Structures are given as C-alpha cells and as structure tokens.
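Take a look at the letters that make up each chain.
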Amino acid sequence: MYLTFDEIADGDHFEDLVADFFRTLTSDNENNITNVEIFPTGTGTDGGKDILIEFDLSDDIKIFKRKWVVQCKFHDATISPAAIQTVNIPTLIHSYGASGYLLICKKRPTSGLTSLFDRLNTECKNSYKYECWNGNLFLSKLIMKKNLHPLYFPRYNDYINSFKTNL
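Please read all numbers here as calculations on a predicted model, not as lab measurements. (Residues numbered from 1 in each chain as written. Predicted model: local features only at pLDDT ≥ 70, side-chain atom pairs only at ≥ 80, totals over all residues. Heavy atoms only, no water.)

1. Considerations on the packing of aromatic side chains
Consideration 1: The tally for this structure, following the rule as stated, stands at 13 aromatic pairs.
Consideration 2: Each ring, one from F5 and one from F138, has its centre 6.2 Å from the other, and the planes form 25 degrees; the classification is stacked. You can see F5 sitting in the segment before α1 (11–23) and its partner F138 sitting in helix α4 (residues 135–142), a full 133 residues away along the chain. The same class applies to F5 and to F138, which are both buried.
Consideration 3: Their ring planes at 20 degrees and their centres at 5.9 Å tell us that F22 and W133 sit as a pair that is stacked. Remark: W133 occurs in strand β5 (residues 129–133) and F22 occurs in helix α1; sequence separation between them is 111 residues.
Consideration 4: Exposure remark for F22: the relative accessible area of 5% places this residue in the buried category.
Consideration 5: Its relative accessible area of 14% is what places W133 among the buried residues.
Consideration 6: In this arrangement the basic side chain of K141 is found over the ring face of W133, its NZ or CZ atom lying 4.7 Å from the centre. (Phe/Tyr/Trp six-rings, centres within 6.5 Å; stacked < 30°, edge-to-face > 60°. Helix = DSSP H or I, 4+ residues; strand = E, 2+ residues; numbered from the N terminus. Buried < 20%, exposed > 50% of the residue type's maximum accessible area, 1.4 Å probe, protein only. Lys NZ or Arg CZ within 6 Å of the ring centre and 35° of its normal.)

Written out as structure tokens, the structure reads:
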C-alpha cells in the first residue's frame, strides 16, 4: 500500500491537509521557521487564494516574515493555465503583501502551466516567486509527516502500523 490521495474526500479536505502540512513545519529541525500562521479563505469564491501562509523565519540575527498565497487544485485531471486564468497572480501576490504564489495540485500541471510559471519567475519585476507542486511532490513531503497520517490517511496509517505490531 502506498500513500495516495485516495483517502482525501474532496477539495476542502485537501485544503485542510495543505494547511496542516504547513503548520507542522515549525517542528522540523531542517529549516529556520519559528512560527506559521494560516489564514484560510473559507467557503465560496476565493479569487485565487485558498490559504495565505505567513512564516516567521530566523537567520540567527533577526526574525523576519514571509508570506505565500497558496492555491489548491484537487482535480482528477492535469492542471493547465486555463484552471487559473481568472487570476492575475502578480496582482494577487501584491494585494496580500506576499513573496510568492504556490499552486498545489493533486495531479500534474501541463507543460503550458509549467512554462507560464517559469516565465513568471524569469520576468517578474517585483521578484515574486511562483511555484507549483504536483501531487507526487506533495506526497513525498507528506510521507515524512507521520503525525498527519492518522487524520488524513487512516487506512495507510493502519497498514503501516500493522507492520510495526507484527515485528
């Protein structure tokens, strides 16, 4: 059995998983994140922002803030630029005082979307960052977050724990 999104019920459940994933980052020793605040949009039209994440980071001299606008796409198909065409991403980033835009997809983005993000990263005059995580990349991050498994992946969690019990 592998960790998959089969246990995630819908887009709202996926957004909750994304928010909880970022909340766990303060417990990692590999980064300098000292605090994470999550600001979800709630239900209804979100204008391209499902979650606003604000990180407090430390460089051992001073703590500074970084914000990311996060959009979640829990679609069974690949994600193309058409899926986000109603959003002016640079304006969205600017309106929230954020550093960048992160799109997290259940599946893979199309080459057109990847090219769009590459172009935005290269040509952005405001030095905003544009990132896209496909489902496999996000799952590879989630597999290490064992504390999220019981809540979001209970069948997978039970399967893994059955091996520990039988050892």
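Read on for the rest.
2. So, the sheet that holds strand β4 (residues 100–105)
Consideration 1: With respect to topology, five strands assemble into an open sheet ordered β1-β2-β3-β4-β5, the strand pairing being mixed. Strands with a single pairing partner mark the edges of an open sheet, and in this sheet they are β1 (33–40) and β5. On average, adjacent strands in this sheet sit at an angle of 20 degrees to one another, irrespective of strand direction.
Consideration 2: Two strands pair when backbone bridges link them, and strand β3 (residues 63–73) and β4 are joined in this way by six bridges, in the parallel orientation. Within β4, the position partnered with V70 by the bridge is L102. (Pairing = 2+ DSSP bridges. Axes fitted to C-alpha atoms, helices over the stretch in contact; angles between N-to-C directions.)

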